[in-house]
Structures are given as structure tokens and as C-alpha cells.
Amino acid sequence: METLGLTDRKRHLAGEVSGGQQQRASIARALITKPSIIFAYEPTENLDSKNSKEVMDLLAMSIMITHNPKIADRIITISDGEISGDRRTR
């Protein structure tokens, strides 16, 4: 909660916080149990640029699959169920 800037909102209901705060709370719920895999479709939706960067930095500590090539270290392209490309970006 502290990392995602939600400490002062932990006793609020979903309808009492902004869309960005709801998004960060969803990420906190996903991370709290330290799962081995997280499926995070559009994890920065409703977040401003500062919070988007913080969330992406937090998620980048693990393996992440995204359709945003700007944040990828490696791009693997899949076509018709087969790997058709594999390249490192950094």
C-alpha cells in the first residue's frame, strides 16, 4: 500500500477513491500474495505518468508480458500459435 501511495486510503471503499487509486489497489491485491505469475492487462490504465512509471518499475522486477514495445527488453512475436520473431531491444 505504501509503495503504491495508498496508505491513507486503505479503509476506503472502491466508490470513495479515484479510478487511478482503484487501479493501484488492484495491483496491490495482485502483488500482496507474491504470486509466481501475474496477468496484468493494461496495468497503467487510469494512471497519470508518475504513477504509471512507479507501477511499471514495480512490475518490471519480475518477468512481464506486454504489448507495449517501448518498455520491453525482449520482443517475441507470435503468429498463428508459432514464434515468428525473437529479438532483444536492449
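Bear in mind that the values here come from a model prediction, so they are computed numbers and not experimental data.

Calculation notes
- Residues numbered from 1 in each chain as written.
- Predicted model: local features only at pLDDT ≥ 70, side-chain atom pairs only at ≥ 80, totals over all residues.
- Heavy atoms only, no water.
- Helix = DSSP H or I, 4+ residues; strand = E, 2+ residues; numbered from the N terminus.
- Rg over C-alpha atoms; globule rule 2.2 N^0.38 Å.
- Buried < 20%, exposed > 50% of the residue type's maximum accessible area, 1.4 Å probe, protein only.
- Contact = heavy atoms within 4.5 Å.
- Areas by Shrake-Rupley, 256 points an atom, 1.4 Å probe, with all protein chains shown as cover.
- Lys, Arg positive; Asp, Glu negative; His and termini not counted.
- Charge placed at Lys NZ, Arg CZ, Asp CG, Glu CD.
- Patch = residues over 30% accessible without salt bridge, like charges linked within 9 Å, V, L, I, M, F, W, Y side chains within 5 Å.
- Salt bridge = Lys/Arg side-chain N within 4 Å of Asp/Glu carboxyl O.
- Pairing = 2+ DSSP bridges.

**Student:** If you had to explain the overall build of the chain to someone new, which residues and values would you point to?
**Tutor:** Along its length, the chain carries 2 helices and 2 strands. From first element to last, N terminus to C terminus, the chain shows the α and β order α-α-β-β. For 90 residues, the compact-globule estimate of 2.2 N^0.38 gives 12 Å, and the C-alpha radius of gyration of the chain, at 15 Å, exceeds that figure by more than 25%. For the chain, the spread of C-alpha atoms along the principal axes amounts to about 45 × 25 × 20 Å. Burial analysis of the chain (90 residues in total) assigns 22% to the buried set. Sequence separation of 24 or more characterises 23% of the internal contacts of the chain that already satisfy a separation of 6 or more. With the model as given, the accessible surface of the chain reaches about 7,300 Å², and the carbon-plus-sulfur share is 52%. Side chains of the chain carry 13 positive and 12 negative charges; the gap between the two charge centres is 5 Å.

**Student:** Explain a nonpolar patch on the surface residue by residue, including any values.
**Tutor:** A contiguous nonpolar patch, built from Ile76, Ile78 and Ile83 and spanning about 320 Å² of accessible area, is present on the exposed surface. Mapped onto the secondary structure, Ile83 falls in strand β2 (residues 82-88). With a relative accessible area of 61%, Ile83 lands in the exposed category.

**Student:** Please provide a residue-by-residue account of the environment of Tyr41, values included.
**Tutor:** When you line up the elements, Tyr41 lands in the loop between α1 (19-31) and α2 (49-59). Of the residues examined, Tyr41 reaches a relative accessible area of 70% and is grouped as exposed. It is 9.1 Å that separates the C-alpha atoms of Tyr41 and Ile65, two residues lying 24 residues apart in sequence.

**Student:** Summarise the pattern of salt bridges; cite the residues concerned and give the values.
**Tutor:** Per the stated rule, a full pass over the model turns up 3 salt bridges. Lys53 is the salt-bridge partner of Asp57, the closest N and O atoms lying 2.7 Å from each other. Remark: Lys53 and Asp57 occur in helix α2; sequence separation between them is 4 residues, near one turn of the helix. The exposure class of Lys53 is exposed, given its relative accessible area of 51%. Asp86 is the partner of Arg74 in a salt bridge, and the nearest nitrogen-oxygen pair spans 2.7 Å. Of the two residues, Arg74 sits in strand β1 (residues 74-79) while Asp86 sits in strand β2, which places them 12 residues apart along the sequence.

**Student:** So, the pairing of β2: which residues are in play, and what are the values?
**Tutor:** Sheet faces and side chains relate simply in a regular strand, where the side chains alternate between the two faces. Relative to β2, β1 runs antiparallel, the two sharing 6 bridges. Counterpart to Ile76 in the pairing with β2 is Asp86. Two successive antiparallel strands, β1 and β2, enclose a turn made up of 2 residues, where Asp80 displays a positive phi of approximately 50°.

**Student:** Could you give me a rundown of the environment of Gly19, with the residues and numbers involved?
**Tutor:** The topology assignment puts Gly19 in helix α1. Sequence separation between Gly19 and Leu47 is 28 residues; the distance between their C-alpha atoms is 7.9 Å.

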